[in-house]
Amino acid sequence: MTLDERLQNVAVLGAGGKMGSGITLLLAREMTLLKLRAGGSPRLFAMDVRPEALDGLRQYLSGQARKFAQKNSETLKDLLGTDDVDQLAARFEQELLSVLEPVTSLEAVSPARMVFEAILENVDLKVKVFSQLRDLCSEDTFFFSNTSSIPIGLLNERAGLGGRLVGFHFYNPPAVQKLVELILPAQVHPELPELCQALARRLGKIVIPSNDVAGFIGNGHFMRDGLHAIQEAERLQKEGFSFQQSIYMMNRVAQDFLIRPMGIFQLMDYVGLDVFQSILAIMNPHFPEENLHSELIDGLVSRGVK
């Protein structure tokens, strides 16, 4: 089955979330362009257990579709039969929304031939969902996990997917960031590596291949970077600086002197301290020689500071 054939039936799980909505937008745009160029009736099953999240997703996609059409009016005018920018934006929005099928149950995504998972970062939950999908979907369905920390081989083995699962980790926010981590487990379907590369190109992404280790490249660095900054802030406090001063100094060092868009603590806030804590907990058992844990983060999260 070709990529174009697979793009006729696609699903995103957790479509109403921060990562899921961005992934849905990327796929919806590409599927709409495919429809305009080649015809057909592609379906994008946007699955989320929260109906209100799907309402928000539809509004988000509407606005983004118009912006995309206005920005790419020269490319789209022949496909949509008008060079009036307002009409073009309205038509592209209509076409994109016609591709979308919001659903709240796993059963509804069974026709999908590519399933993108962007649900909570919880091993047992992901295994449960993938196991259900194994029985619901066709045997030729491929699965793409947006996990940022869980080894893909572990998910593939426990869910019994027989090599039909890869890690396809978008960076946040997916609609803006160019990089995608591609994680191929030891057991992988022979068609998937080339398909993933082709899909990434279609979505305008740059593939960064990663070994199948907990945390992969991005979070493997981010977690250790964050823990190092916390340790340095604690050392500064022992030298007489306040907690606030120590945090501020380490954040400025990370941003100004390492030339990053965000300082390390600003990035931790952006991701969420609860998410940072969760990723540490997932990674820690896989690296027994390290202590990937922070009492500071535990204390803040326990007090509701995220």
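Preceding this paragraph is the structure being described.
Residues numbered from 1 in each chain as written. Predicted model: local features only at pLDDT ≥ 70, side-chain atom pairs only at ≥ 80, totals over all residues. Heavy atoms only, no water.

S.K.: Help me out: how do you make sense of the pattern of salt bridges in this one?
M.R.: Pairing is possible between side chains that carry opposite charge, provided their charged atoms lie close to one another. By the definition in use, this model includes 16 salt bridges. Where R235 meets E232, a salt bridge forms, and the shortest distance between an N and an O atom there is 2.8 Å. Taken as a pair, R235 and E232 lie in helix α9 (residues 218-238) at a separation of three residues, close to a single helical turn. The exposure class assigned to R235 is partly exposed, which follows from its relative accessible area of 37%. Residues R235 and E239 are paired through a salt bridge, measuring 2.8 Å at the closest nitrogen-oxygen approach. Overlapping salt bridges bring together D4, E30 and R202 as one network. (Salt bridge = Lys/Arg side-chain N within 4 Å of Asp/Glu carboxyl O. Helix = DSSP H or I, 4+ residues; strand = E, 2+ residues; numbered from the N terminus. Buried < 20%, exposed > 50% of the residue type's maximum accessible area, 1.4 Å probe, protein only.)

S.K.: What should I look at first to understand the environment of I206 in this one?
M.R.: Within the element layout of this structure, I206 appears in strand β8 (residues 206-210). Along the primary structure I206 and Q177 are separated by 29 residues, whereas in three dimensions their C-alpha atoms are 9.4 Å apart. With sequence-adjacent residues up to four places away left out, I206 is seen in contact with K178, L179 and V180. (Contact = heavy atoms within 4.5 Å.)

S.K.: Honestly, the sheet that holds strand β3 (residues 100-103) in this entry has me stumped. Any pointers?
M.R.: Strands in a sheet are paired, the pairing made by backbone hydrogen bonds, and the direction either parallel or antiparallel. Pairing is mixed across the open sheet formed by eight strands, whose spatial order is β3-β2-β1-β4-β5-β6-β7-β8. A single partner strand is all that each edge strand has here, and the edge strands are β3 and β8. The mean angle between the axes of side-by-side strands here comes to 25 degrees, regardless of whether they run parallel or antiparallel. Against the sheet, helix α5 (residues 85-99) touches β2 (43-47) and β3, its axis set at about 45 degrees to β3. (Pairing = 2+ DSSP bridges. Axes fitted to C-alpha atoms, helices over the stretch in contact; angles between N-to-C directions.)

S.K.: Explain the state of the cysteines to me, please; I cannot follow it from the model alone.
M.R.: Put plainly, a disulfide is one covalent bond tying together the sulfur atoms of two cysteines. The final tally for this structure, using the stated rule, is zero disulfides. Free cysteine C137: the closest other cysteine sulfur is in C196, separated by 17 Å. Here C196 falls in the buried class, since its relative accessible area comes to 0%. (Disulfide = S-S within 2.5 Å.)

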